[in-house]
Amino acid sequence: MADEKGSSAAEENNTEKSTSESKKKTGKPYKDELIVVGIGASAGGLEAMQSLVSNLPVDSGFSFLVAQHLSPSYRSMMVDLLEKDSTIPVRAAIDGAVLQPNELYICPPNHNIELAPNDHIRLTSYPDMRHTPRPSVDMLLESIATEKGEHSIGIILSGTGSDGSRGIRAIKAENGIGVVQDPETAKFDGMPNAAINSGNIDLIIPPANIGQELINLLSFPRVRNSDAEVISRPVYDGIIHQLRVNCDVDFRLYKENTIVRRIERRMATLKISTPEQYLKYMRDHKEEASFLFNDMLIGVTSFFRDARAYEVLRGELAKYIQEKETKTLRIWSVGCSTGEEAYSMAMIVSDILGDEISDWKVQIFATDIDKRAITYARNGIYPEIAIQNLPKSMRQKYLSINNDQYEVVKSIKSKLIFSLHDVNRDPPFLRLDLVSCRNLMIYFTMELQRQLLPTFHYALNPRGLLMLGQSESIGIFQEHYRPLSKTAKLYESVFIGKQLPPERQVRAGQYSDRNREDVGDRKLEKSSRTASSSDEVYQELITAKMKDLLLPNAIVINDNQDIMFTEGTNPILVRPEGKPSNNIYKNLHPRLAVDVRSALHQLESQDNVTDTGYINLELNGEDCWVKLIFAKAVLAKPAGTMTIIYCQIERADSMPVHSGESESTTEAVVLEQHRLLARTKEQLQNVIEELEASNEEMQSMNEELQSSNEELQSSNEELETTNEELQSTNEELQTAYSELKVAYEDKEQQQRELLRLRSELEQANTLRDEAERIGRTGSWMWDVATRKFTWSRGCYRVFGLDEKVFHPSYEAFIGVAHPDDRNRLERHLTDLLVNKASQPFVFKAQDSDRNTIIVSMEAVVSFNDLKQAVKVMGSITDMTEKLSFEREAEQSQKRLEAVVKASLTPCVLLDLELEEIDAANKAFLDLTGLKESKLSNYMGDELYTLLPASDREILRGILNELTHSELGASLEGEYAICSQKGDAVNVVANHAVLEVNDKNGQAEKILINLQPK
């Protein structure tokens, strides 16, 4: 069971009884107790609130408190907006006002709202800037849970973040009701989903249905009455069995009242009337066991809960660490819930060890049976409401801001080990220095508590520390633990000589059979040792006889006055009635108690040996004289200091007072009375000395307290003055922070815009660079005033230069030109400045390998108001390959034309792509009667007019077939050629491919040779 509020458990029976009686009289749930509903919302909450309030029953008897996240400087209009649609009065919350039924109260801006005792509203301002939204929904719901218990309801509506999920957990811990808006109907589903994921929700419905569903849920009939058992034993055992089978946890040793209340709440949520029906529902729906299990494990905890107890723990733990011989520290936090307590202990250890913590091996085991709580704790991320009790210095040192929450720093997380562990079943961790089990055992029966306390004692090192909750105690195990602070419930483990693990009772029907052997008392046999010499034999003989004859009886007690060991059959020891105890005073003859107390006091303040003198007692019907001799014995750790009490018992007739024959019986009596009177005076003197010492200490403490009180009053006045100054400073800081926040937001916006522009610029530069690489171009800029040149990467590539080595300048730019063109380039740059240059400018240059390249340059000049050139931007293009290609094409064309004209037979060169005649020889011109100047007229379809209409498709087919042929391929054909005279000459034509396009592989030039028939 997770760490939960002790007050809730302590008052559970009384609350249950009063609730039952109220229902019986009125027939309505909680008629005499005001039910308070806390509503939390953020972004999109107005729309959800309007839907909720417009459908609320007018006579529900509920009182509603609303915490809507608002900007501190925003003037809220929520009261006016909701009042138009609400079925009940809507009011702005006022500090100190008393809640009225059937009314809804809205928290004003710049405040937190809480429920104070006696149904009063508490508003608190927060002038300092916070990292979490305001008003805090968690704070509102936790205050309602604290004040109203099971008469509390929490509702979470639309919003972002996770505010409210912790508050809902607090309400469920008090057996209240958790409701959340259906995320599908919420404009923002962050807060609803966070609450749902916490597992503490009873209803998930649209806002319009919430009001009526709450009435139905609370009015649902229950089987509870004062005359009959709430749930019959067979049904209760059946439900516990379902939990054991499906959740692997045995709740039989948990207090039944707590479990019954959780069962009733689940029955009301499911609208199941009887426990028998609920048990059947659990058997049919296996997942219900998990829902009930989660309901039962809801815990409420916080950092440094009960600060005074932690201060006491800090002091005692510091002493323990200082006296510890080894540099290892092992701590166990039992029922750690969501981890705040375990982290609190880690922070205390870190503060105590300081810079030496790296030299220590610190292990803090934090365990629970709630898997969700362990996962949450392992993450170590908490809302601001969870760290309210955390001192500011620790908050700054051990927490970091994570969005709108706080995260435990890694150095603290690394000290903790979170794991699932059932303290009712699983073995404990061992060799522990501290066990913290706070507010857990209040949910256990006395039987389970009596099993756990010896288990913790076995797990602790001698003098280890045990910390319990305010409503818990060590019970009958006084001999196991010595109280260090009764208010802080902090105890020290006492060494009792037992090192065997305590036996755990296994109840009938346990889900795992365990074999046990009844181990009887066994007498330890002493091993005989052979003496190394005859002297040792005689010494042992003398010692044994002296013990048997003179002091056969002895008792060993520890610092806690508990009996650790007895020797011999001692008639002065008695066993009193009632609960068994090993305390020496409760086990001695009543007549000896005062003398023993006085002797132990003398032993502490004076010598290491003392005695009581002879005391007259009646033992076993005989008149005897008893003398007790006390001796200190310091043993090795962990036993520590022990006290041995030797018992000397003499019969009356063997005492010296009776041995002399000359003394009468009367004189003996007088002597005895004098001795007893002297003994009594001595005891009274001891008591007087103790009282005087105590009075002096009390007087000294009183003077110190008076002095401290005066100092505190003076400090209080100074703090009030300082507080006023801090409030003024906070207001100034808040204003400055608001301005900085606006500036920061503007800066962030500018940063985002710069990042976007940078991204676009990088993309544009990448595209430009790629384009320059493909086009073998580059761009440059010339600042005329500084004569500084800036080149793009393309310029470096054109000239084959390394941009890490070469630094462009006016002189360097002239220097890359070919020596023959440097003067031309310099004149051209000069002409650019006076706007007289013609463009483009082509010049020869040299690359890094001294190869000559042809460069084309174009530029644009920027002038100022005085018509003076200030900046020149231009581009260069490597024309070498282009010009070379053009020259080769021109020469190739000339060669083809020469071949055509050199032929003796009619010959013509066709360009297939343009379907035109590139060249024709004189024989072809004579055959057709055409003039060379007229050949350009025969393009496209006009080309085929040189053939009769009947032969045109023959030529077209031949040319189409050759289009996809290789270089040198040829085809023959016969057709007629028309002359300008009007007649046609039949020819045999040979068509050959002379040139092919490298890109598409198609023929470009066809040579046609004609042979007249």
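What counts and what doesn't
- Residues numbered from 1 in each chain as written.
- Predicted model: local features only at pLDDT ≥ 70, side-chain atom pairs only at ≥ 80, totals over all residues.
- Heavy atoms only, no water.
- Pairing = 2+ DSSP bridges.
- Helix = DSSP H or I, 4+ residues; strand = E, 2+ residues; numbered from the N terminus.
- Buried < 20%, exposed > 50% of the residue type's maximum accessible area, 1.4 Å probe, protein only.
- Arc of directions from axis to C-beta.
- Contact = heavy atoms within 4.5 Å.
- Core = buried A, V, L, I, M, F, W, Y, C linked by side-chain atoms within 4.5 Å.
- Domains from an automatic or database assignment.
- Polar contact = N/O pair within 3.5 Å; in protein donor to acceptor, adjacent residues only side chain to side chain.
- Right-handed = clockwise from strand over helix to strand, strands pointing away.
- Phe/Tyr/Trp six-rings, centres within 6.5 Å; stacked < 30°, edge-to-face > 60°.
- pLDDT = per-residue confidence, 0-100.
- UniProt positions renumbered as here; feature names shortened; annotations may be inferred.
- Axes fitted to C-alpha atoms, helices over the stretch in contact; angles between N-to-C directions.
- Parallel < 35°, antiparallel > 145°, perpendicular 65-115°, else oblique.
- Left-handed = near helix turned anticlockwise from the far one by under 90°.
- Nonpolar A, V, L, I, M, F, W, Y, C, P; charged D, E, K, R; others polar.
- Salt bridge = Lys/Arg side-chain N within 4 Å of Asp/Glu carboxyl O.
- Expected span 1.5 Å × (residues − 1).

Per an unreviewed UniProt entry, the protein chain goes by the name Two-component system CheB/CheR fusion protein and belongs to Litorivivens lipolytica.

Colleague: Would you explain the pairing of strand 29 (residues 869-878) in this entry?
Modeller: On a regular strand, one side chain projects to one face of the sheet and the next to the other, so that they alternate. Pairing of strand 25 (residues 777-783) with strand 29, which is carried by seven bridges, proceeds in the antiparallel orientation. Within strand 29, the residue paired with S779 across the bridge is S875. Looking at chain direction, strand 28 (residues 852-863) and strand 29 are connected through nine bridges and run antiparallel. Bridge pairing in strand 29 links M857 to I876.

Colleague: How do you make sense of helix 11 (residues 275-284) when you look at a structure like this?
Modeller: Because each turn of an α-helix spans 3.6 residues, side chains separated by three or four positions in sequence point in the same direction. Within the sequence span of helix 11, burial applies to P275, Y278, L279 and M282. All buried residues of helix 11 fall inside an arc of 100° around its axis, so they share one side. Of the surrounding secondary structure, the elements contacted by the buried residues of helix 11 are helix 9 (233-247), helix 10 (256-270) and helix 12 (287-296).

Colleague: Just checking my understanding: could you explain the nonpolar core for this structure?
Modeller: It is characteristic of soluble globular proteins that their nonpolar side chains tend to be buried jointly. Ranked by size, the top nonpolar core spans 50 residues in total, and within it L243, F251, W332, F444, F456, L466 and Y481 carry the most contacts. Elements supplying a minimum of two residues to this core: helix 9, helix 10, helix 11, helix 12, strand 10 (328-334), strand 16 (432-437), helix 18 (446-459) and strand 17 (460-468). Among the elements that line this core, the one with the most residues is helix 9, at six residues. Both domains that furnish three or more residues to this core are identified here as domain 2 (231-296) and domain 3 (301-493). With residues near it in sequence (within four places) discarded, L466 still touches L434, V435, L453, F456, L460, I474, Y481, K489, L490 and Y491. Within the second largest apolar cluster, 44 residues are counted, among which are L313, C336, A366 and A377.

Colleague: Even after reading the chapter, I still don't get the side chain of H421, so can you show me in this structure?
Modeller: For H421, the location among the structural elements is in the loop between strand 15 (416-420) and strand 16. Only 2.9 Å separates the side chain of H421 from the backbone oxygen of P427, close enough to count as a polar contact. Those residues in contact with H421 that lie beyond four places of it in its chain are W332, T367, D368, I369, D426, P427, P428 and F429.

Colleague: Hey, could you run me through the pairing of strand 2 (residues 62-68) in this one?
Modeller: The buried count for strand 2 comes to seven of seven residues, which makes it a mostly enclosed element. Judged by which residues are buried, strand 2 turns out to be covered on both faces: F62, F64, V66 and Q68 on one side and S63, L65 and A67 on the other are all buried. Across seven bridges, the pairing between strand 1 (residues 35-41) and strand 2 is parallel. Bridge assignment links G40 to a residue of strand 2, and that residue is A67. Considered for its hand, the β-α-β crossover made up of strand 1, helix 3 (residues 45-53) and strand 2 is right-handed. Relative to strand 4 (residues 103-106), strand 2 is paired through four bridges, and the arrangement is parallel. Its bridge partner lying in strand 4, F64 is registered against L104.

Colleague: In this structure, what is going on with the packing of aromatic side chains? I would like to understand it.
Modeller: When we look at a pair of aromatic rings, we describe it by the centre distance and by the angle of the planes. Tallied over the full model, the rule gives 24 aromatic pairs. Ring geometry for W332 and F429: centres 5.3 Å apart, planes at 75°, overall edge-to-face. Within this pair, whereas W332 is found in strand 10, its partner F429 is found in the loop between strand 15 and strand 16, the two being separated by 97 residues in sequence. With relative accessibility at 0%, the residue W332 sits in the buried group.

Colleague: How should I be thinking about the confidence of the model for the protein chain in this particular structure?
Modeller: Predicted coordinates in areas of low pLDDT are best not read in detail. Of all residues in the protein chain, 83% have pLDDT values of 70 or greater, and the mean over the chain is 80. Ranking the elements of the protein chain by mean pLDDT puts helix 2 (residues 12-26) last, at 38, and strand 10 first, at 93. Segment residues 658-662: pLDDT under 50, and three contacts once partners within four positions in sequence are set aside and those in other chains are kept.

Colleague: What exactly am I supposed to notice about the UniProt feature "active site" (unreviewed entry) in the protein chain here?
Modeller: As recorded in UniProt, the sites labelled "active site" (unreviewed entry) are S42, H69 and D163. Judged by maximum C-alpha separation, these annotated positions cover 122 residues in sequence but sit close together in space, the widest gap being only 9.7 Å. Structurally, S42 is set in the loop between strand 1 and helix 3. Sequence-distant contacts of S42, defined by excluding residues within four places in its chain, comprise Q68, H69, S158, G159, T160 and M191. Here H69 lies in the loop between strand 2 and helix 4 (78-83). Here H69 falls in the buried class, since its relative accessible area comes to 12%. With near-sequence residues (within four places) excluded, H69 lies in contact with A41, S42, P133, R134, P135, V137, D163 and M191.

Colleague: Can you walk me through the packing of helix 10 against helix 12 in this structure?
Modeller: Each packed pair of helices is defined by two parameters, the angle between the axes and the distance between the axes. For the pair helix 10 and helix 12, the least separation of the axes is 10 Å and the interaxial angle reads 130°. One finds that helix 10 runs oblique with respect to helix 12. Considering the relative orientation of helix 10 and helix 12, their crossing is right-handed. Residues I259, R262, I263, R266 and L270 of helix 10 form the contact with helix 12, whose participating residues are E288, F291, L292, D295 and M296. Here the contact of helix 10 with helix 12 is composed, by residue class, of six nonpolar, no polar and four charged.

Colleague: Teacher, can you tell me more about the environment of N424 here?
Modeller: Considering the arrangement of structural elements, one finds N424 in the loop between strand 15 and strand 16. Sequence separation between N424 and F251 is 173 residues, and the spatial gap between their C-alpha atoms is 9.0 Å. In terms of polar contacts, N424 uses its side chain to reach the backbone carbonyl oxygen of D250, at 3.2 Å.

Colleague: How should the pattern of salt bridges be read in this particular structure?
Modeller: When the charged atoms of two side chains lie near each other, side chains of opposite charge can form a pair. The final tally for this structure, using the stated rule, is 38 salt bridges. Here K271 and E213 are joined by a salt bridge, their closest N and O atoms 3.5 Å apart. Taken together, the positions of K271 in the loop between helix 10 and helix 11 and E213 in helix 8 (residues 210-219) put the pair 58 residues apart, joining distant regions of the chain. For D351, the salt bridge identified is with K397, shortest N-O distance 3.4 Å. Of this pair, D351 sits in helix 14 (residues 340-353) while K397 is found in helix 16 (residues 392-398), placing the two residues 46 residues apart along the sequence. By relative accessible area, K397 is classed as partly exposed at 49%.

Colleague: Even after reading the chapter, I still don't get the sheet that holds strand 31 (residues 916-920), so can you show me in this structure?
Modeller: Backbone-to-backbone hydrogen bonds pair the strands of a sheet. The strands run either parallel or antiparallel. Read from one edge of the open sheet, five strands run 31-30-34-33-32, paired in antiparallel fashion. For this open sheet the edge positions go to strand 31 and strand 32 (970-978), each flanked by a neighbour on one side alone. Across the sheet, the axes of successive neighbouring strands diverge by a mean angle of 30°, strand direction being ignored.

Colleague: Explain the environment of N960 to me, please; I cannot follow it from the model alone.
Modeller: Along the chain, N960 turns up in helix 28 (residues 952-963). Its relative accessible area of 48% is what places N960 among the partly exposed residues. Considered as a pair, N960 and A1003 are 43 residues apart in the sequence and their alpha carbons are 9.8 Å apart.

Colleague: Hey, could you run me through unusual backbone geometry in this one?
Modeller: What is expected of a backbone is that most residues other than glycine have negative phi and most peptide bonds are trans. A cis amide bond links Q839 with the next residue in sequence, P840, at an omega value of -5°. Here P840 shows up in the loop between helix 25 (822-833) and strand 27 (841-846). Although it is not a glycine, N118 adopts a positive phi angle of roughly 60°. Its location among the elements puts N118 in the loop between strand 5 (111-116) and strand 6 (120-125). Under the relative-accessibility criterion, N118 is labelled exposed at 64%.

Colleague: Where do I start with the side chain of Q846 in this structure?
Modeller: Relative to the elements of secondary structure, Q846 occurs in strand 27. Q846 gets classed as buried once you look at its relative accessible area, which sits at 13%. A distance of 2.9 Å separates polar atoms of two side chains, one belonging to Q846 and the other to R850. The contacts of Q846, once residues within four sequence positions are left out, are F799, V816, A817, H818, P819, R822, N851 and I853.

Colleague: Any chance you could explain helix 13 (residues 307-323) here in plain terms?
Modeller: A rise of 1.5 Å per residue sets the reference length of helix 13, with its 17 residues, at 24 Å; its end C-alpha atoms lie 25 Å apart and thus fit the reference within 8%. A309, Y310, L313, E316, L317, Y320 and I321 are the residues of helix 13 that are buried. One face of helix 13 carries all of its buried residues, which in axial projection span an arc of 140°. More than 90 degrees from the buried face of helix 13, the exposed residues found are R308, E311 and Q322. Elements in contact with the buried residues of helix 13: strand 10, helix 14, strand 16, strand 17, strand 18 (481-485) and strand 19 (490-493).

Colleague: Would you take a moment to explain the packing of helix 9 against helix 10 for this structure?
Modeller: At a minimum axis distance of 12 Å, the contact between helix 9 and helix 10 shows a crossing angle of 80°. In this view, helix 9 runs roughly perpendicular relative to helix 10, as classed from their interaxial angle. Only E256, I259, V260 and I263 of helix 10 make contact with helix 9, whose side of the interface consists of R233, Y236, I239 and I240. Each residue belonging to the contact of helix 9 with helix 10 can be placed in one class, and the counts come to six nonpolar, no polar and two charged.

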